[in-house]
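Here are the chains, one letter per residue:
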Amino acid sequence: MKYNIFVGGIHIESSTFTPYRSNEKDFHITKGEELLKRYPWIDKYSDKVNLIPIMHARALPGGIVERGFYEDYLKEFIEILNNKLKENRIDGFYLDIHGAMSLEGSLDAEGDFIKAIRDKIGVSVPLSASMDLHGNVSETLFELATVLTCYRTAPHIDALETRERTLANLIRVLDERKKGKQIIKTMVSVPILLPGEQTSTEVEPGKSLYKAIPEILKKDDLLDISIWVGFPWADQPRSHATVCAYGFDKNSTVASVKELSKKFWGYKDDFNFVGPVATLKDGLKKAMEAKEKPYFLSDTGDNPGAGGDDDTVVVLREILNQGLQSHKKIALVSIRDAETVKALKNNTIGDFVDVNLGGKINPALGGPVKTKMRLINRYNGKMAGESIILEKDNLKLAVTSNRYQFATEEGFKNAGLGEYADYDIVIVKIGYLEPDLSRAARGWTMLLTPGSVNQDLKSLDFKMLKRPLYPFDDGFTPDLEPLIRQE
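Computed from a prediction, not measured in an experiment: that's the story for all the values here.

Cut-offs used in this document
- Residues numbered from 1 in each chain as written.
- Predicted model: local features only at pLDDT ≥ 70, side-chain atom pairs only at ≥ 80, totals over all residues.
- Heavy atoms only, no water.
- Pairing = 2+ DSSP bridges.
- Helix = DSSP H or I, 4+ residues; strand = E, 2+ residues; numbered from the N terminus.
- Axes fitted to C-alpha atoms, helices over the stretch in contact; angles between N-to-C directions.
- Contact = heavy atoms within 4.5 Å.
- Buried < 20%, exposed > 50% of the residue type's maximum accessible area, 1.4 Å probe, protein only.

Things to note about the sheet that holds strand β6 (residues 92-96)
Point 1. With mixed pairing, the six strands of this open sheet are ordered in space as β3-β4-β1-β6-β7-β8. Every interior strand has two partners, whereas the edge strands, β3 (27-30) and β8 (147-150), have only one. Taking each pair of neighbouring strands and ignoring which way they run, the sheet shows an average axis angle of 15°.
Point 2. When strand β1 (residues 3-11) meets β6, the two strands line up parallel, connected through four bridges. Within the sheet, the bridge partner assigned to F6 lies in β6 and is F93.
Point 3. Its contacts with the sheet put helix α2 (residues 67-87) on β1, β3, β4 (49-59) and β6, and the angle it makes with β4 is roughly 170°.
Point 4. Set on the sheet, helix α5 (residues 159-178) makes contact with β1, β4, β6, β7 (127-131) and β8; between it and β7 the angle comes to about 160°.

With respect to unusual backbone geometry
Point 1. Each neighbour pair has its own omega, and for A154 with P155 the value is 5°, a cis peptide bond.
Point 2. Structurally, P155 is set in the loop between β8 and α5.
Point 3. For the peptide bond that leads from Y470 to P471, omega is 10°, which places it in the cis range.
Point 4. Within the secondary structure, P471 is located in the loop between β20 (443-447) and β21 (483-486).
Point 5. A positive phi angle, near 60°, is found at D221, a position not held by glycine.
Point 6. With relative accessibility at 30%, the residue D221 sits in the partly exposed group.
Point 7. Residue D310 is not a glycine yet carries a positive backbone phi of 65°.

What follows is the structure, encoded as structure tokens:
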């Protein structure tokens, strides 16, 4: 008899330091067969599983999710779940989440979400969750999930593999239950909070930390072990690193979670930025002096891929103030400014236009840049929305209606910007470079710019973090004793 596995969830990373609020227009919602396309490997399990879709919402990282949208989404989610429960026996639930959603009126959004699901399916149905390693694991999420797992790479190149492992974990739990075996769940909250730009798995010590996982998994009856480095731009008690291990032998499972959490803590002083960093002025100077092209600059403080506003103009203002656009070919992608896009709707390509760019979401970081530019392209991006390309001397600037991260060369080309190699300098609203960008870069610097995802965590106004917490505090002895549960 096949297992009936229900699947659904909600996936967003939310900065609590931006005024921006994420709502319905930010989310792409899938149901039915469209949702099942998210799991292209499902045919491999067709002899064991009926995967029954509920509903899934996914958004670019942004701000706190509006309560009204969330409640509407949850209401529909539960309605579909109730209908599926009437039509099908449920053997397990696959919860597909990011783990760093922030929600108006809540300090534990995913904890709230899993509670709502448990209220309908009960506590005895095994539930397996897939997450981003930049998610935050609360005790509620740990207690109510049977198994949690997350990506093992940053940049994330194992998303599909992680989702498949989530289902495999659930099948194993169900199979072992038939033999009368119970699963052991363990969790250690590691008091470390660092940005992803310091914890990439492509450099040390993150590389060695995550490489330890396959060796540990060779232990008898160990099902899974995962490391969450956490999401640092959410001012919540659950914002910290976590290690969870799951297995069917208590001794090996507990020993494993202790081993990996101690290893993580031992590396705490070794984490550094994944690439070269500089202030805005120094970074621009390095790029201007570079002999090889393209030279990439990451505007880290305004990275929409981590929840940044995507409309700060500190980099653009500095380029224009120094007149750098007259000396080298520069592409700046992008600034979210729906108002400017709309205002230029009736202009003709080639027109010179007066613009007030950016600074509208978060005026505290500096108001609009006023300048004259030439309108050279207009296009409609699937996620970027109605967008334009403006030009001033040798500078080309993408202006989008929606917050959007130019993380691939395909998106760059679709905007009419050509290839990376056409430019001396490419400035992206990003942290560490995604694979396309990294392959193209002949030089790179991360700019330590201000913004809603500022890399200088100590400069942000945290109030709710659980202390002591490294690097905010140092010289303390951490409590690395695991929570242990059996079910």
